[in-house]
Structures are given as structure tokens and as C-alpha cells.
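A closer look at the structure
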Amino acid sequence: MRSFIVIAMFAASLTHAAWNGYTEDRTLELDADGISRLDIDAGAGSLVVTGASDSDRILVTATINVPDEDEDDALEIIEKKLRLSLDKNDGEARLEAFFDNSGWGWGDSPSVDLDVRVPHGLELFVDDSSGSLEITDSQSQVEIDDGSGSIRVVGVTSLVIDDGSGSIKVSNVAGDVAIEDGSGSITVEGVGGGVTIDDGSGSIDVNDVELDLVIVDDGSGGLDATNVRGKVINDG
């Protein structure tokens, strides 16, 4: 038992020592009444969006990370460079969470990790620069324009992804799925509509699709398609 405690304390010390910078959490909240769509403009950092059936609000927790700076310098950078807001206009909400990266030199840049809670059925458009992206149970139409980083989407009504690089995992989509991907593996499972994929490189694994699977271009990498009840059309 004593050995376990020593190891745990040592691991915690290493974790603390690995981060040299300033971190701050901020919360944004917006009444979703009358709002049908949420646009998210996110820079570097992770993004997690979760739908909830019992919520009528958009709730955002933003973790702001400024590496290699003390508190005073970090707060000055945040004041001058951070764009963090949640507003609504004409039935649409917009979340902005990114640093103005002009003027950054070598080393790690500041980032914003986002945890976003939304009501079921709220249409989502996500413009994400870099970092992992996860959308779960929004039960809505989702469109993603992503630069780099892994993408995981579960429980939406339809999905469009335009991705630069990083793995993509999609499951439990009621309607159609369209993916245009530069590089990285693609896994799609449980689609009630059809699937269209235009891929630069990386493996493609598709299972359990109600309608057609259309491969516009499969680039380099293997294709494994099972339980496709429509046609499998491979133009690549």
C-alpha cells in the first residue's frame, strides 16, 4: 500500500511539473429559446459538444491555457489576444473561442479547451482549427470544417465533415454522412441514410449502412465495407 501511495505521489508530481504556465476556467451561458443553430469558431484546443434532452440552455466551459508565462504576463496576453464570446442573433447563436495568433514566436501557443452542452436538436456548424473534436448525442444536423486533430461523432441526424488530417470515427447517424478527408483513418458505423467519402489517404472501414456507399476517391489505404444494404460504388 505504501509503495502505491509513493508511486501515485510521484506520478502526480511529474504531471504538475510537465505544465509550466497559466490556466483559467471561464463559463458562458445562453438561453436557447428561439435558437435553431449554433456556430462554433474554435482555435487550438480540444472541443467536446454534448447534447442533453433536459436542457434549454447552451452552457460553455472554457479552459484557457497560456504556456510558459507567469500569471501577470498571461493575463495581459488573454486581455489583448483572446476572443471568447457566446452571442445570439436572428435565431442563431455563435461561439467564438480562439487567440489571435499573429505575432506568436517559437514554442507552444495559447489554447482554449471547450466543453459545450447543448439542447437536443440544435443544429451545429463547427469551424475548428486544431485539436481533438468530439460531438455526442446532439440529435441534430452537424457540419464540421476541421484543420487537424481526431474527430469522433456519435448520435446525430446527419453529418458533413471537411477534414484536413486526423482520424475520423462516426457512429449512430440517422440520415446521410458525407466526408471529405485529407489524411487519417475513417471509421463509419450505423448510418440510416447513405455514405459518401472522398479520401486522400488512410484506411476506410464502413459497417451497417442502410443506403448506398459511394467512394469518390479512396486515395491510398484499404477499404473494408460490410453490411451495406444499398450499392457500394467505388469511383476511386
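For the structure itself, consult the block above.
Residues numbered from 1 in each chain as written. Predicted model: local features only at pLDDT ≥ 70, side-chain atom pairs only at ≥ 80, totals over all residues. Heavy atoms only, no water.

1. Details of the overall build of the protein chain
What counts, and what does not: Put simply, DSSP H or I for four residues or longer makes a helix, DSSP E for two residues or longer makes a strand, and each gets a number counted from the N terminus. Between buried and exposed lies partly exposed: a residue is buried under 20% and exposed over 50% of the maximum accessible area for its type, with that area taken using a 1.4 Å probe on protein chains only. Whether two residues are in contact is decided by their heavy atoms: any pair within 4.5 Å suffices. Computed with a 1.4 Å probe, the accessible areas rest on the Shrake-Rupley method; for each residue, only the protein chains presented here act as cover.
A count of helices and strands for the protein chain gives 2 helices and 20 strands. Buried residues in the protein chain amount to 37% of all 236 residues. Long-range contacts, defined here as pairs at least 24 residues apart, represent 39% of the contacts in the protein chain between residues at least 6 apart. For the protein chain, the computed accessible surface area is about 12000 Å², with 46% contributed by carbon and sulfur atoms.

2. What to know about the pattern of salt bridges
Where charged atoms of side chains with opposite charge meet at close range, the side chains can pair. Heads up, the rule is: By salt bridge we mean one thing: a side-chain nitrogen of Lys or Arg within 4 Å of a carboxyl oxygen of Asp or Glu.
Applying the stated criterion across every chain, the model contains 12 salt bridges. With a shortest N-O distance of 2.9 Å, Glu-76 and Lys-80 are connected by a salt bridge. With Glu-76 and Lys-80 both in helix H2 (residues 71-81) and 4 residues apart, this pair spans about one turn of that helix. Note on Lys-80: relative accessible area 62%, which makes it exposed. Its salt-bridge partner being Glu-96, residue Arg-83 comes within 3.1 Å of it at the nearest N-O pair. Placement of the pair is Arg-83 in strand E5 (residues 82-89) and Glu-96 in strand E6 (residues 92-99), with a sequence separation of 13 residues. The exposure class of Arg-83 is partly exposed, given its relative accessible area of 42%. Glu-96 gets classed as buried once you look at its relative accessible area, which sits at 13%. Connected through salt bridges with shared partners, the residues Asp-41, Arg-83, Arg-94 and Glu-96 form a single ionic network.

3. So, the nonpolar core
Let me state the cut-off plainly: Nonpolar cores are built from buried Ala, Val, Leu, Ile, Met, Phe, Trp, Tyr and Cys residues. Side-chain atoms within 4.5 Å join them into one set.
Grouped together as the largest cluster of nonpolar side chains are 57 residues, with contacts concentrated most on Leu-38, Ile-58, Leu-114, Val-116, Ile-135 and Ile-144. Excluding residues within four positions of it along the chain, Leu-38 makes contact with Ile-58, Leu-86, Ala-93, Arg-94, Leu-95, Val-116, Val-118, Leu-122, Glu-123, Leu-124 and Phe-125.

4. Examining the sheet that holds strand E7 (residues 111-119)
Heads up, the rule is: Strands pair, by our definition, only if DSSP identifies at least two bridges between them. Inter-axis angles, ranging from 0 to 180 degrees, are taken between N-to-C directions of lines fitted to C-alpha atoms, where helices are fitted over the stretch in contact.
Within the open sheet, the 10 strands sit side by side as E1-E4-E7-E3-E9-E11-E13-E15-E17-E19. Their pairing is mixed. Lying at the two open borders of the sheet, with one neighbouring strand each, are strand E1 (21-31) and strand E19 (223-228). Averaged over all pairs of adjacent strands, the angle between their axes in this sheet comes to 5°, without regard to strand direction. Against the sheet, H2 touches E1 and strand E4 (57-67), its axis set at about 40° to E1.

5. Observations regarding unusual backbone geometry
Positive phi values are uncommon outside glycine, yet Asp-137 reaches one of about 60°. Take Asp-137: it is sitting in the loop between strand E9 (133-136) and strand E10 (141-148). Phi at Asp-208 is positive, roughly 65°, even though this residue is not glycine. Residue position: Asp-208 is located in strand E17 (residues 204-209). Note on Asp-208: relative accessible area 30%, which makes it partly exposed.

6. A closer look at the side chain of Asp-146
Defined as follows: All tallies of charge rest on Lys and Arg as positive and Asp and Glu as negative; His and the ends of each chain are not included.
You can see Asp-146 is positioned in strand E10. The buried charged residue Asp-146 lacks any salt bridge partner; its closest oppositely charged side chain belongs to Arg-152, at an N-O distance of 14 Å. Apart from the residues within four sequence positions on either side, Asp-146 is in contact with Asp-128, Ile-151, Asp-162, Asp-163, Gly-164 and Ser-165.

7. With respect to the sheet that holds strand E18 (residues 213-217)
Read from one edge to the other, the open sheet built from 10 strands follows the order E5-E6-E2-E8-E10-E12-E14-E16-E18-E20, with strand pairing classed as mixed. Sheet topology places E5 and strand E20 (232-234) at the edges, where each strand pairs with a single neighbour. For this sheet the average axis-to-axis angle between neighbouring strands, irrespective of direction, equals 5°. Pairing between strand E14 (residues 177-183) and strand E16 (residues 195-201): 6 bridges, direction parallel. Bridged to Ala-178 within E16 is Thr-196. Each of E5 and E6 touches H2; the most contacted strand, E5, lies at about 40° to it.

So yeah, pure geometry; function would need other evidence.
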